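Results of the structural survey
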Amino acid sequence: MMMRQTRASTMAARAVAASVTPSPKKKQKVHHASSASSPQVKQRALFPIEDNNNTITREEIQNLIRSHIPNASDDISTETLDGWCLVDALSHCMQASNGILKDLIKEHGPPKCYLKYFETGKTNTRGGCEDGYQSFRSLCRIVAGQQLAGSAANTIWGRFLEVVGASKNDTTNLTPQAILSIVRHDDIEGDLRAPSGLSNAKCRCIIALSEAFEGGELSDDILTSASDEEVSLKLRNVKGIGPWSVDMFLLFECHRKDILPIGDLAVRNGTAKLWKVKGKGKNGNMCAQKDKHLIESLHEPFSPYRSISSYYMYQLVDVKG
């Protein structure tokens, strides 16, 4: 069954691509009827497939985005931090794999991480000024939330910000210098770990990040201009930063468009639920290693916008993203 679904998804993706850019190797049927008698062509429809109920226009998607942004103007930009267009991405993902994501996208709306950026020009962890440490703040947020449920992660994050005189509404005071000044007082336990509620490992990781940013090994410019692979290599040199943390950074902070965090339990559970498949893990759960190729094949039709399909896996299992 899983193989049939995988093949069906791949065939659907090929059908979608073929409908947009017909292959020159295939002969196209020529219809001699006049344009006035050929109403089936919809110029504004993107990625049309055989089921007319699955076609959607750019205008409909733009209206969907605007409806989720208070007081949005008609000409609001839908360009993400990384430069790609959310309208194009949603158009593709609502049609790919026989429209399997379409109802989810309509139910939950466009990804909130992009809507906030369209509305304010900031991602969730950005401070009030562009001081070169926005990536640092995002990485601190990710480290603080490692292996924690959403509510617990938010609590720890709030306590950590208070330690450096920052808040969720304004993270400007969270800088490498602020963390390192605490370290220089030689009371990491009393001044940082205990009041914030961070584990020893997370404290050490945040200190290592502070040193890397302070020393110039990492910066906003370095991380935002590097490829996904280069970002991964640079960040994983910091002890405590692994593949999951890198994926979260690329997906939610950098707005990279084709991130599939297979190491994230919610993404695996959402994939199993949406496609109604069982994995090779315990009790039929998806396994990051054993089911890697299956998960990749199911999400392949959404490339190059797998960040979108990944986001809706979180929504499917009620994890806020």
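Residues numbered from 1 in each chain as written. Predicted model: local features only at pLDDT ≥ 70, side-chain atom pairs only at ≥ 80, totals over all residues. Heavy atoms only, no water.

Looking at the overall build of the protein
When you go through the protein residue by residue, the secondary structure sums to 16 helices and two strands. Scored against the burial criterion, the 321 residues of the protein give a buried share of 45%. Pairs at least 24 residues apart make up 67% of the contacts formed inside the protein by residues separated by at least 6 positions. Carbon and sulfur atoms make up 50% of the accessible area of the protein, which totals about 17000 Å². (Helix = DSSP H or I, 4+ residues; strand = E, 2+ residues; numbered from the N terminus. Buried < 20%, exposed > 50% of the residue type's maximum accessible area, 1.4 Å probe, protein only. Contact = heavy atoms within 4.5 Å. Areas by Shrake-Rupley, 256 points an atom, 1.4 Å probe, with all protein chains shown as cover.)

Remarks on the confidence of the model for the protein
Across the protein, the average pLDDT comes to 84, with 80% of residues at 70 or higher. Taken element by element, the predicted model of the protein shows its lowest mean pLDDT in strand β1 (residues 45–46) (36) and its highest in helix α15 (residues 292–299) (98). Taken as a whole, residues 1–52 scores under 50 in pLDDT and shows 45 contacts with residues more than four places along the chain or in a different chain. (pLDDT = per-residue confidence, 0-100.)

Topic: unusual backbone geometry
Pro-304 follows Ser-303 through a cis peptide bond whose omega is 10°. Among the secondary structure elements, Pro-304 is positioned in the loop between α15 and α16 (306–316). The backbone of Asn-71 sits at a positive phi, close to 55°, despite the residue not being glycine. With respect to the secondary-structure elements, Asn-71 resides in the loop between α2 (58–67) and α3 (86–99). Despite not being glycine, Gln-147 shows a phi value in the positive range, around 60°.

Focus: the environment of Asp-258
Examined against the element boundaries, Asp-258 turns out to sit in the loop between α13 (243–253) and α14 (265–275). Taking the C-alpha atoms as reference, Asp-258 lies 9.4 Å from Asp-228; in sequence the two are 30 residues apart. Sequence-distant contacts of Asp-258, defined by excluding residues within four places in its chain, comprise Ser-303, Pro-304, Tyr-305, Arg-306 and Ser-307. In this structure the side chain of Asp-258 is engaged in a polar contact, spanning 3.0 Å, whose partner is the side chain of Arg-306. (Polar contact = N/O pair within 3.5 Å; in protein donor to acceptor, adjacent residues only side chain to side chain.)

Focus on the side chain of Ser-245
As for its position among the elements, Ser-245 is in helix α13. The exposure class assigned to Ser-245 is buried, which follows from its relative accessible area of 3%. In this structure, Ser-245 is in contact with Ile-142, Gln-146 and Gly-240, ignoring residues within four places of it in sequence.

Some details on the packing of aromatic side chains
Per the counting criterion, the structure on display carries eight aromatic pairs. Judged by centre distance (5.0 Å) and plane angle (85°), the rings of Tyr-311 and Tyr-312 are edge-to-face. With a relative accessible area of 1%, Tyr-311 lands in the buried category. Given a relative accessible area of 0%, Tyr-312 falls into the buried group. Every member of this aromatic cluster is reached through a ring pair, and the members are Trp-84, Tyr-114 and Tyr-305. (Phe/Tyr/Trp six-rings, centres within 6.5 Å; stacked < 30°, edge-to-face > 60°.)

Remarks on the pattern of salt bridges
This model, assessed by the stated rule, comprises seven salt bridges. Between Arg-306 and Asp-258 there is a salt bridge, with the nearest N and O atoms lying 3.0 Å from each other. Residue Arg-306 is found in helix α16, and its partner Asp-258 is found in the loop between α13 and α14; the two are separated by 48 residues along the sequence. Judged by its relative accessible area of 17%, Arg-306 is buried. The residue Lys-292 makes a salt bridge to Glu-296 at a minimum N-O spacing of 2.7 Å. Here Glu-296 and Lys-292 lie together in helix α15, a separation of four residues that amounts to about one turn. (Salt bridge = Lys/Arg side-chain N within 4 Å of Asp/Glu carboxyl O.)

Overview of the packing of α13 against α16
The interhelical angle for the contact between α13 and α16, taken along N-to-C directions, is 105°, at an axis separation of 11 Å. When the axes of α13 and α16 are compared, the pair comes out roughly perpendicular. For the pair α13 and α16, the contacting residues are Met-248, Leu-251 and Phe-252 in the first and Ser-307, Ser-310, Tyr-311 and Tyr-314 in the second. When the residues that make up the contact of α13 with α16 are grouped by side-chain class, the tally is five nonpolar, two polar and no charged. (Axes fitted to C-alpha atoms, helices over the stretch in contact; angles between N-to-C directions. Parallel < 35°, antiparallel > 145°, perpendicular 65-115°, else oblique. Nonpolar A, V, L, I, M, F, W, Y, C, P; charged D, E, K, R; others polar.)

Remarks on the environment of Phe-118
Residue placement: Phe-118 occurs in helix α5 (residues 112–120). With 52 residues separating them in the primary sequence, Phe-118 and Arg-66 have C-alpha atoms 9.8 Å apart. Not counting residues up to four positions away in its chain, the partners in contact with Phe-118 are Ile-65, Ile-69, Ile-76, Ser-77, Thr-78, Glu-79, Thr-80 and Leu-86.

A look at helix α8 (residues 176–184)
Residues of α8 that are buried: Pro-176, Ala-178, Ile-179, Leu-180 and Ile-182. Summarising the contacts, the buried residues of α8 are in contact with α6 (134–144), α7 (150–163), α9 (188–196) and α10 (200–215). Two residues or fewer past α8, Asp-186 is found with a positive phi of approximately 65°.

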